[in-house]
Amino acid sequence: MRSEKFQNEVDLKYKLYNSIFLTLPLDGIHGTGILIPILKESCSKGLDLGKSPLEIFDHFFEKQTSLRTEKEQFDFLFRVIHYIERQVVLLDAVEDAVFDKINDLDGAGSLKDLKSRVNQADKWKELKSDLERFAVRIVLTAHPTQFYPSTVLSIINDLIIAIQKSDLLQIKLLLTQLGKTPFFKKERPTPYDEAKSISWYLENIFYQSASELYSELLSNEQLSDGKACSVISFGFWPGGDRDGNPYVNTETTFKVAERLRYILFSNYYKDLRRLRRRLSFKGVYEIVLDLEEKVLKALNAKGDEGSITIEEIDESLTKIEKILREEHDGFFLDLLHKFQNKVKLFGIHFANIDIRQDSRIIRKAFDLLCNSNPEISKNLDKNHLDSLFQAKGVIGDISTDDEVSRDTLAVFSAMKEIQKMNGELACNRFIISNCQTSLDVAQVYALAKLSAWNKILPLDIVPLFETIDDLAKADQSMRELFENETYYQHLVSRGKKQTIMLGFSDGTKDGGYFSANWSIYKAKENITQLAREKGIVVVFFDGRGGPPARGGGNTHKFYSSLSNDIENQEIQVTIQGQTISSKFGTKASAKYYQELMITAGLGNRLFEDQSKQFSVEDKETMEALANYSMEEYHRFKSSDKFVPYLEKMSALKYYGKAKIGSRPSKRKETATLNFEDLRAIPFVGAWSQMKQNVPGFFGVGASLKRMKEEGKMENCKKLYHNSLFFRTLVENSMQSICKSYFSLTQYMKKDEEFGEFWNWIYQEYQLSVDMLLEVSGQKELMELSLELKDSIHLREEIVLPLICIQQFALMKIRAMELSGNIDQEKYITLENLVIRSLYGNINASRNSA
């Protein structure tokens, strides 16, 4: 089955513009573009016939080209990659240009639909009440798969407009510009470079889309006099996330805070200039002009000198509103309200910079502090909660060459200074990755008190539970904290609110797909029950990656599926990698996906749905599936071939060599690959590059088969029918499978070392396909999401030569390594082919890591 809408709006247009693109003389006289369709057909037919990428390219070069030397052939392959990277961008632009035609912007999940349901059920009073408390926070992360520079992003935006206008001449010019514009730098980006790249979306996308959405949300007469909270806010990890990245320090964090304020005030200044042109009335014009000058002064200020407070801005805007109402018949009040909404959403900070560090690093820094300050440590028991929460003293000089520990101790003072400069919301959360016990939270509390604040602590300490074991005991850790009087009083000072982060990425890496998602669901239930018992509002912050295996996919459906047994006053979620550009790359798509998140949360609160409550039988079924899936995944992960397979047969080690992001691919720099130190991003990405999306399906087929053998397949079908949560898991797993393509690596089944291991993966893949079709009753995978399936199919078709090039290079590298006869120059060239091939494949997938 194919989606007619996708074929007409996307497929045909892409093929038209691609035919123009392939004829452009981007590489002089070589004519690479003309050969790409022939190469693609050779790859497709060759793989169908069971040929290896090595055999396919040997045949292609002999029969279709006059390229005979290896240098000529390698140069050609680099040019092919250059073209395919840009074909991916072209498809992105086409899909974004017709976004409103492919997606029903007023359909299910829209504000219009929500308000219609509210009107029918006469729940305006309840909606107004919820808007005083409910909020969505979108947290943009620094991610080593988000690499388009601002020059390319600008071309993409212009290309979208040209496609919408069907301006062929402009499209041709922009495609030529795209072909000649570099996609990445030869140097690895610094954390500040990443912050500049990601802040582009705040400045050019979210500033408008979020405020428009907020204005639309409050546009009804029934809501106009309500006390709505900000509803939507933004978090920012670039420059604040230290976990595994030794290159982030307090200097970086300060620079990022200054940049966020600069781009926010730049936007405010432009808006005030436009506002002044309309508000030319006596008594109003002068106030606007004065505010404009204050914002300009703050825009160019360093630190907190010349800054302006949110109270000053609000006071000026309130004066203007009063005069407009009383003296000018409310003329242009709508324009003022739009600006007021922006100030309400973004304050003077734009986005909240989260500080994150690993618990093991924090412990090390804490030990250093104690060893250097005997006056503090003599009355301190590091293994006792009360002692840590009562820690007192003044930190003296700490002499150490350990820059990471020094930064960990200094970051609290930096947070205090940033709050002084940009307001408390600018930087008031400390996230503890790999949080294992309540002591980890207490140590951060003690460090903050000793380092920066000796009275009330204007800081939210956010434990991040990631592994299956830590998720299982998360409620016990939180109970110990809630029942500690000092920490409880700290929560009282924070509005009796506790944010807890749950990591989908490392959970899946640790326990497999079904088990990780179910463990997080149960942890949320248990913590919610505890928090309600203690009179505390818990806010769950989901650390989701791009692909389904890392908590991505149809994210809003997960929030729609949550029962009342899970607290949902706020939705907080990380947006990572290519998902930032694919879902939030244009104002239209950004507004749409923000709407889905808001309506998922509000709809869940307003309309009770008994189907979201797991029955006893459904819960038992889900528990069994999670356990059986984890058993199979652990058996697989425990194989002595598991890590060597990734190391020798995939592009895993090249993630670290590709200069995409500032963060190393491993938490520790060691000669040998240690699974525990491997970050989830390169782990999931390596499987994606091989087109074996193991984290998104392994154990799924085995668990369903085992239930079937026990005569419980009907229970699984009932679970699928009854639970939106399980249906979403199934749909996302189907998406992972549809992005797998085992024909690419079928040559591995003959490999002496890894042949059996490859077959094991392939059998689980086939089993998962069969079992998912049976449990869902669908005739083909993704039957309910045909537009998305067609998009995946077209993208996989575009990158087929690229992924074959990657495997071709990996095969040659492995052959050299096995023979022990390494031609260094050739080896480096092949490695560069692998590295270059990573980029286009990552962006084509749109959510591969």
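Residues numbered from 1 in each chain as written. Predicted model: local features only at pLDDT ≥ 70, side-chain atom pairs only at ≥ 80, totals over all residues. Heavy atoms only, no water.

Please set out the packing of aromatic side chains residue by residue, giving values where relevant.
In the structure shown here, the tally under the stated rule is 54 aromatic pairs. With centroids separated by 6.2 Å and ring planes inclined at 50 degrees, the aromatic side chains of Trp518 and Phe725 adopt a geometry described as tilted. Of this pair, Trp518 sits in helix H24 (residues 513-534) while Phe725 sits in helix H34 (residues 724-738), and the two are 207 residues apart along the sequence. Three or more aromatic residues joined by ring pairs form one cluster here, namely Phe99, Phe206, Tyr207, Phe234, Phe265, Tyr268, Phe339, Phe346, Phe350, Phe584, Tyr592 and Tyr593. Above the plane of the ring of Phe183 lies Arg86, whose end atom (NZ or CZ) is 3.9 Å from the centre. (Phe/Tyr/Trp six-rings, centres within 6.5 Å; stacked < 30°, edge-to-face > 60°. Helix = DSSP H or I, 4+ residues; strand = E, 2+ residues; numbered from the N terminus. Lys NZ or Arg CZ within 6 Å of the ring centre and 35° of its normal.)

Explain helix H21 (residues 474-482) residue by residue, including any values.
Those residues of H21 lying buried are Ala474, Ser477, Met478, Leu481 and Phe482. Relative to the axis of H21, the buried residues are bounded by an arc of 135 degrees and lie together on one face. (Buried < 20%, exposed > 50% of the residue type's maximum accessible area, 1.4 Å probe, protein only. Arc of directions from axis to C-beta.)

Provide a residue-level description of the sheet that holds strand S2 (residues 232-236), including the pertinent values.
Strand order around the closed barrel formed by eight strands is S1-S2-S3-S4-S5-S6-S7-S8, with parallel pairing between neighbours. The average angle at which neighbouring strand axes cross in this sheet is 25 degrees, direction not considered. (Pairing = 2+ DSSP bridges. Axes fitted to C-alpha atoms, helices over the stretch in contact; angles between N-to-C directions.)

An account of the packing of helix H4 (residues 70-97) against helix H8 (residues 150-164) is requested, with residue identities and associated values reported.
A pair of packed helices can be characterised by two numbers: the angle between their axes and the separation between those axes. Where H4 contacts H8, the axes come no closer than 8 Å and their chain directions differ by 55 degrees. If you check the angle between H4 and H8, you find them oblique. For the pair H4 and H8, the crossing hand works out as right-handed. Between H4 and H8, the contacting residues are Val89, Leu90, Ala93, Val94, Asp96 and Ala97 on the first element and Ile156, Leu159, Ile160, Ile163 and Gln164 on the second. Partitioning the contact of H4 with H8 into residue classes produces nine nonpolar, one polar and one charged. (Parallel < 35°, antiparallel > 145°, perpendicular 65-115°, else oblique. Left-handed = near helix turned anticlockwise from the far one by under 90°. Contact = heavy atoms within 4.5 Å. Nonpolar A, V, L, I, M, F, W, Y, C, P; charged D, E, K, R; others polar.)

A description of the environment of Lys172 should follow, citing residues and the corresponding values.
Note on placement: Lys172 falls in helix H9 (residues 168-180). Lys172 gets classed as partly exposed once you look at its relative accessible area, which sits at 41%. Once the C-alpha coordinates of Lys172 and Cys804 are considered, the two residues, 632 residues apart in sequence, prove to be 28 Å apart. Excluding residues within four positions of it along the chain, Lys172 makes contact with Ile20 and Leu24.

Residue-level account of the side chain of Glu831, with values.
Summarising the element assignment, Glu831 is placed in helix H37 (residues 824-845). Assessed through its relative accessible area of 12%, Glu831 is described here as buried. In this structure Glu831 touches Tyr654, Lys657 and Ile813, once residues within four positions along its chain are discounted.

Describe the state of the cysteines, with residues and values.
Enumeration according to the criterion identifies zero disulfides in this entry. This cysteine, Cys804, is not joined by any disulfide, and Cys43 carries the nearest cysteine sulfur, 3.8 Å off. (Disulfide = S-S within 2.5 Å.)

Give me the lowdown on the environment of Tyr17, citing residues and values where you can.
Relative to the elements of secondary structure, Tyr17 occurs in helix H1 (residues 4-21). Between the C-alpha atom of Tyr17 and that of Glu753, which follows or precedes it by 736 residues, the distance is 45 Å. Setting aside anything within four residues of it in sequence, one finds Tyr17 in contact with Leu90, Val94, Ile163, Ser166, Leu168, Ile171 and Leu175.

Describe in detail helix H29 (residues 642-649), supporting the description with residues and values.
Within the span of H29, buried status applies to Phe642, Tyr645, Leu646 and Met649. Buried residues of H29 fall within an arc of 105 degrees about the axis and therefore sit on the same side. Turning to H29, the residues buried within the fold contact helix H28 (616-637), helix H30 (652-657), helix H31 (680-689), helix H35 (755-776) and helix H36 (786-819).

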